[in-house]
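# Observations on the model geometry
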Amino acid sequence: MNHLLIGLGGTGGRILKAFRKLVYQQFREEEPDGLILDYLFIDSDPKSFRDNDPGWSVLGKSVQLPKRNQMLIAEANLTAVIQDLNSYPNLKPWLGDRATWGEILSSLNIDAAGGQKRRLGRFLFAMNVKRFRDSVATLVRDMQDRGKRNDVTFHVFCGLAGGTGSGAIVDVIAQLRALFPDKAQRILVYAYVPDLNPPANWNTGNYHANAYASLLELNAMSAGTWAPCDVSSGGTVKSDFWFNGCYVYSDENEQGFRASIESELPDIVADFVFHKTVVARKVAWDDLSRFENAENGDGSPEAIAGTGKGLRSVRFLSFGIRRLAFPEESIRELLTYEFALQSFRQLQFNNWQEGLGFIEQARPQTNAEFVTDQKTRDDWRLSDEHLRLIRPIIDSEGSRRWRGYDQEWGEFEGHYLQLVKQTDKLKWLGELKRLFSSAWEEGFRGVGVKPFFQTAERDVQSLAEAVRDRVEASLFEDWRTGARSLNECARLVAALMEDLNLRLSKVDDFAAKRIESADHLARQVLTIEAEWNNTRILDALLNSRERDIGKAALALREQSVARTLAEAARFSKKLILNILDQMADLKASIDSGEAALGAAADQATKTIANRLPREHNSADLHAENGYVVSIENAKGVDAVRRRLVADEEEQRVQTAAVRADIVARLGQTPTFKLFNRRMAEGEIRNAIVARSEENVRSAHQRLVTEQRERVIGVSVIEKLQDRWGVDKDKLTREATALAGAAGRFLAFDPTEQNKHFEGRSAAPRAVEAFAVMMPQPAEHKEFVDQLKSAFKDARPGRVSFVASNERINEITLVTLVNLFPLRFARTLKALKERYEARLSQLGRARAALEVHIEGDGSLLPDLFIADDAQVARRARPVLLLADALALIKESHDPASGQTRIIHARRDEDGFELEPLLLGRSFQEVQEGATEKTVMELITAIRSNLASQVTGSPEFQSKIRDSMLARIESIKSLLPPRLVEVEMVQWNAAARDAMKTIRGEAEL
């Protein structure tokens, strides 16, 4: 079985979204076995196709449609097209008048968009019709290849009040039927008939007029009285069978239950389609296919008696649905988001509280002690020795040879003493000073002290980033293992920044003291040098030189160390400032991550609140007034929820699994910034929810061992047997209430239902069927039989039972109604009134371009049976023309002696038939006219005019004079009180008749 679901506009998109979620919730896959599903979403709003839209996520899984299934029909330049209309033969026949369009376009904010202007919506679709045809052909071919079957059912979803879906629906049907003319390829339409009181800001003017215009066109199309222009070629699409059925539904069912238009109603429609396509895919639901194909009665349209001309199609259907369920998916979602919330809070705060789980509160900690610990400073390369580059921050081949400044200058000292002692003793001190100076300039670490720190300053950004990397890696590892939360990491970085600022404040003092020490040592060297120069030669030959050179070497070494430390301190100041910048950025990343977790936790909390089971006000299920009747034990569900959430071992295991999933998604070098980005994109948030859902299943299996306590894998039959099995009266009462509540989402007008008219078919209209989709476990056969019997007795007519053993937790009740004309819908009269008011407000020319996709709707059959007054008005110009053409005439009745008006008729061969008696006077004929009579006269008039030269002045003058004479005759017979009103109406009818004679209008 191949099913292509096509969503048009916002309404269609919401239904596709809801359907995709249902499939995933049931199967954890995008396509169940035994069924081939594919999708096409068409809209003019780019926001409908946003990547990573959270609205398409269910239990951490995005069911967003791939690009191949998306069709954005925006950014078409209507102004340019109108100015060069001859270049667009597919648009020219229907697009409309340039001047009128100019007025409409000047009132728009953008050049062309579907916003409640149906012809704009059609224009956007027409500009993309080739893409549509290609996409549909490709999707169908792919489905047929995958399923090894050629049959396809097209499900087309739209709202009728907007511009995009409502503007494209007729052409989507037409193009589908043009591509797949075989009636075996079924087309089903699901059209939302708007509420008369829509949400605020939904009605921007054409809301209700659009709906009525759409219904006019769909009806005319199905009745066979109108075919739309082919927007792909400019010709006309031909078909005698456009669609199998068109479901029409509103947001309120016949029992008064009202669904939210934006959220709940799309879920209800999707649920209905899900049950009839997916749930019932493995069983024979004969009533469904018979109903959708109108095989359970006469599917021919309502027509004027004796003409066979279809006026009002009966290929319309509606549905009702109600579910009785142990709400496993809702409970599973509740527990999933409880587990996800625990993960969010562990990641954010890591504060376990017995009996509550991880709570939304930070733990106390000694951050200052930790960041000042020498081991921490060494690990993060933030010790004084690292900041002064005594020890390297970034390990390299050269840095491996580094030694402490004392050691390094000590090695210089020892080496230089050996060198100078190999020279003339009198030159020792001078040579020693030169060597230390050389070491300072270029020997220290191979480059000299100042060049060394100048090079380091050029690398200060990299050095600061290296420190940040070590700090971040350390904190991220603690976060990964669960040792720290993000809140704790952020507070630790804040403490580290405070410590660095404190250390920064001491750098200048440290440097000043080193310089002061170096100056003192320089004076010592000068003293030694003065004594050296004043020593007699004899003393130089004695050991005193050995002593003095040693003292000088020690002073030079200590001076070099002090000067080096001063340079190092000056460098460390720049390094600390750069590290502070890095720490600020790191903290910002951690703060952002914490904020993202907080937002996710808030959303999870809201979801949990919406999913929390509630105690029923009554033990009887029929007290429920919702779309889904739940039979869970709220206290039992809450007990399981609390048990799973408060189990510390379970929560530590499950949150560890969540953290492992997160790290796996961050690659080889995870960072907080990368976490933030993936969190913002929804990837990690969805991963946490998805992992939580798996953890819930595992935890429930291990920890909830008593069958009566379980909340996953629960049989609705077992639950109902516990409730009703011993009380047959209650079973009957509840089954009856539930069956009665599954009413159709389209209230009917009993006045229209019971209206009789000439030519009404004897076939029944608004035929209903009722189906119960339920699990039928063999081990509970006796109770299942009792339940079936109760549902059979609950409603008149046939009840079908459809086995749904894949969904053991629910019973679904479905009402189907078909074979009714649109006039049965209770809201239709009000829609027509608002349609006519809008046409009057805008003027028919402009209104036509806004609410109709082509023409102005005047040639489309009315959705209502004409009442006596309407038929009488319609009859006036027809009678005047028939009289002027001698198709009716006055005749004397010999039996009564009275004058009568008859319609002289002939058969196909020209032989006279028995005349049709119309009445005793023109006024009586007009007042008693029927649709059949009027149609017969119109047919005769058209045949007669076809043989006349209607354009000749003589003919037109003859007809005019005849009608004027007849009007005077009618006037003479009227009572004085009616003359004025009646004459206005008869003269207006004559003017309309003359328009027909001149070819300006049709009857």
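What counts and what doesn't
- Residues numbered from 1 in each chain as written.
- Predicted model: local features only at pLDDT ≥ 70, side-chain atom pairs only at ≥ 80, totals over all residues.
- Heavy atoms only, no water.
- Helix = DSSP H or I, 4+ residues; strand = E, 2+ residues; numbered from the N terminus.
- Rg over C-alpha atoms; globule rule 2.2 N^0.38 Å.
- Contact = heavy atoms within 4.5 Å.
- Areas by Shrake-Rupley, 256 points an atom, 1.4 Å probe, with all protein chains shown as cover.
- Lys, Arg positive; Asp, Glu negative; His and termini not counted.
- Charge placed at Lys NZ, Arg CZ, Asp CG, Glu CD.
- pLDDT = per-residue confidence, 0-100.
- Pairing = 2+ DSSP bridges.
- Axes fitted to C-alpha atoms, helices over the stretch in contact; angles between N-to-C directions.
- Expected span 1.5 Å × (residues − 1).
- Bend = angle between axes of the 7 residues up to and from the residue.
- Buried < 20%, exposed > 50% of the residue type's maximum accessible area, 1.4 Å probe, protein only.
- Salt bridge = Lys/Arg side-chain N within 4 Å of Asp/Glu carboxyl O.
- 1 Å grid on protein atoms, 1.4 Å probe; cavity = no way out; pocket = protein on both sides within 12 Å on 5 of 7 lines; lining within 4 Å.
- Points joined across faces, edges and corners; volume = space filled by probe spheres on them.
- Nonpolar A, V, L, I, M, F, W, Y, C, P; charged D, E, K, R; others polar.
- Phe/Tyr/Trp six-rings, centres within 6.5 Å; stacked < 30°, edge-to-face > 60°.
- Core = buried A, V, L, I, M, F, W, Y, C linked by side-chain atoms within 4.5 Å.

## Things to note about the overall build of the chain
- Looking only at helices and strands, one finds 37 helices and 20 strands in the chain.
- Scaling as 2.2 N^0.38, a compact globule of 1003 residues should have a C-alpha radius of gyration of about 30 Å, whereas the chain reaches 45 Å, well beyond that.
- Referenced to the eigenvectors of the C-alpha coordinate spread, the extents of the chain come out at roughly 180 × 80 × 55 Å.
- Nonlocal contacts in the chain, meaning residues at least 24 apart in sequence, comprise 78% of its contacts between residues at least 6 apart.
- For the chain, the accessible area works out to roughly 44,000 Å², and carbon and sulfur atoms hold 48% of it.
- Separation of charge centres in the chain, based on 136 positive and 144 negative side chains, amounts to 1 Å.

## Some thoughts on the confidence of the model for the chain
- Of all residues in the chain, 97% have pLDDT values of 70 or greater, and the mean over the chain is 90.
- Scored below 50 in pLDDT, residues 110–114 makes 18 contacts in the model with residues more than four places away or belonging to other chains.

## Describing the sheet that holds strand E19 (residues 899–906)
- With antiparallel pairing, 3 strands are arranged side by side in an open sheet as E18-E19-E20. Each edge of the open sheet carries a strand with a single partner, namely strand E18 (888–892) and strand E20 (912–919). Strand-to-strand twist across the sheet, computed as the mean angle between neighbouring axes with direction ignored, equals 45°.
- In the sheet, E19 pairs with E20 via 5 bridges, with the strands oriented antiparallel. In the strand pairing of E20, His-903 is matched with Leu-916.

## Structural notes on helix H7 (residues 164–179)
- Helix length check: H7, at 16 residues, gives a terminal C-alpha distance of 21 Å against a target of 22 Å (1.5 Å per residue), a fit within 8%.
- Where H7 bends most, at Val-170, the angle is about 30°.
- Of all 16 residues that make up H7, 14 are buried, and the element is covered over most of its length.

## Some points on the pattern of salt bridges
- A complete count under the given rule lists 86 salt bridges for this structure.
- Where salt bridges share partners, they join Glu-302, Arg-312, Asp-749, Glu-752, Lys-755, Arg-823 and Lys-829 into one cluster.

## Topic: helix H8 (residues 207–223)
- Here H8 is 17 residues long and its end C-alpha atoms lie 25 Å apart, about the 24 Å a rise of 1.5 Å per residue gives.
- Burial analysis of H8 places 16 of its 17 residues in the buried class, the great majority of the element.
- Just beyond H8, the residue with positive phi is Gly-224, at close to 85°.

## As for the side chain of Ser-891
- Residue placement: Ser-891 occurs in strand E18.
- Overall, Ser-891 belongs to the buried group, its relative accessible area being 19%.
- Contacts of Ser-891, omitting those with residues within four sequence positions, involve Gln-898, Thr-899, Arg-900 and Ile-902.

## Notes on empty space enclosed by the protein
- Counted by the stated rule, this structure contains 4 cavities of 30 Å³ or more.
- In this model, the largest cavity occupies a volume close to 60 Å³.
- Around the largest cavity, the lining residues are Thr-11, Arg-14, Ile-15, Tyr-192, Tyr-249, Ile-261, Leu-265, Pro-266 and Val-269.
- Listed by contribution, the elements that provide at least two residues to the lining of the largest cavity are helix H1 (9–27) and helix H9 (264–279).
- In the lining of the largest cavity, the residues fall into 7 nonpolar, 1 polar and 1 charged.
- Forming the boundary of the second largest cavity are Ala-875, Val-878, Leu-879, Val-925, Ala-929, Thr-933, Val-934 and Leu-937.
- Partitioned by chemical class, the residues of the lining of the second largest cavity number 7 nonpolar, 1 polar and no charged.

## A closer look at the packing of aromatic side chains
- Counted according to the given criterion, the structure contains 36 aromatic pairs.
- Here the aromatic rings of Trp-409 and Trp-440 are separated by 6.4 Å at their centres, their planes lie at 25°, and the arrangement is stacked. Within this pair, whereas Trp-409 is found in helix H15 (residues 405–420), its partner Trp-440 is found in helix H16 (residues 428–443), the two being separated by 31 residues in sequence. Per residue, the accessibility class of Trp-409 equals that of Trp-440, and both read buried.
- Their ring planes at 80° and their centres at 5.0 Å tell us that Phe-452 and Phe-453 sit as a pair that is edge-to-face.

## Some thoughts on the layout of surface pockets
- When its volume is computed, the second largest pocket comes out at roughly 1,600 Å³.
- For the second largest pocket, the lining is made up of 42 residues, of which Ser-858, Leu-860, Asp-862, Arg-874 and Leu-1003 are closest to its centre.
- Put simply, the parts of the chain that give the lining of the second largest pocket at least two residues each are H8, strand E10 (310–312), helix H31 (828–842), helix H33 (868–884), helix H35 (931–946) and helix H37 (976–997).
- For the lining of the second largest pocket, the residue count by class is 22 nonpolar, 6 polar and 14 charged.

## Re the environment of Leu-311
- Assignment of secondary structure puts Leu-311 in strand E10.
- With 488 residues separating them in the primary sequence, Leu-311 and Val-799 have C-alpha atoms 32 Å apart.
- Once residues lying within four places of it in the same chain are set aside, the contact partners of Leu-311 are Asn-219, Ala-223, Pro-301, Glu-302, Ala-303, Ile-304, Pro-861, Asp-862 and Glu-931.

## Digging into the environment of Phe-180
- Assignment of secondary structure puts Phe-180 in the loop between H7 and strand E7 (186–192).
- With a relative accessible area of 14%, Phe-180 lands in the buried category.
- When the C-alpha positions of Phe-180 and Met-773 are compared, they lie 32 Å apart, and in sequence the two are 593 residues distant.
- With near-sequence residues (within four places) excluded, Phe-180 lies in contact with Val-136, Val-140, Phe-154 and Gln-185.

## Notes on the nonpolar core
- Judged by nonpolar contacts, the single largest core of 126 residues is most densely connected at Tyr-405, Trp-409, Leu-787 and Ile-811.
- Not counting the four nearest positions on each side in its chain, Trp-409 is found in contact with Phe-436, Ala-439, Trp-440, Phe-444, Val-449, Arg-557, Ser-560, Val-561 and Thr-564.

## A few points about the pairing of strand E11 (residues 316–325)
- Burial analysis of E11 places 10 of its 10 residues in the buried class, the great majority of the element.
- Where burial is concerned, the two faces of E11 agree: the one with Phe-316, Ser-318, Gly-320, Arg-322 and Leu-324 and the one with Leu-317, Phe-319, Ile-321, Arg-323 and Ala-325 are both buried.
- Summarising the sheet, strand E8 (residues 245–249) and E11 pair through 2 bridges and their orientation is parallel. Within the sheet, the bridge partner assigned to Cys-246 lies in E11 and is Phe-316.
- Direction of pairing for E11 relative to strand E17 (residues 810–820): antiparallel, over a ladder of 9 bridges. Note on E17: the bridge partner recorded for Arg-323 is Thr-812.
- Summarising the sheet, E11 and strand E14 (residues 628–630) pair through 3 bridges and their orientation is parallel.

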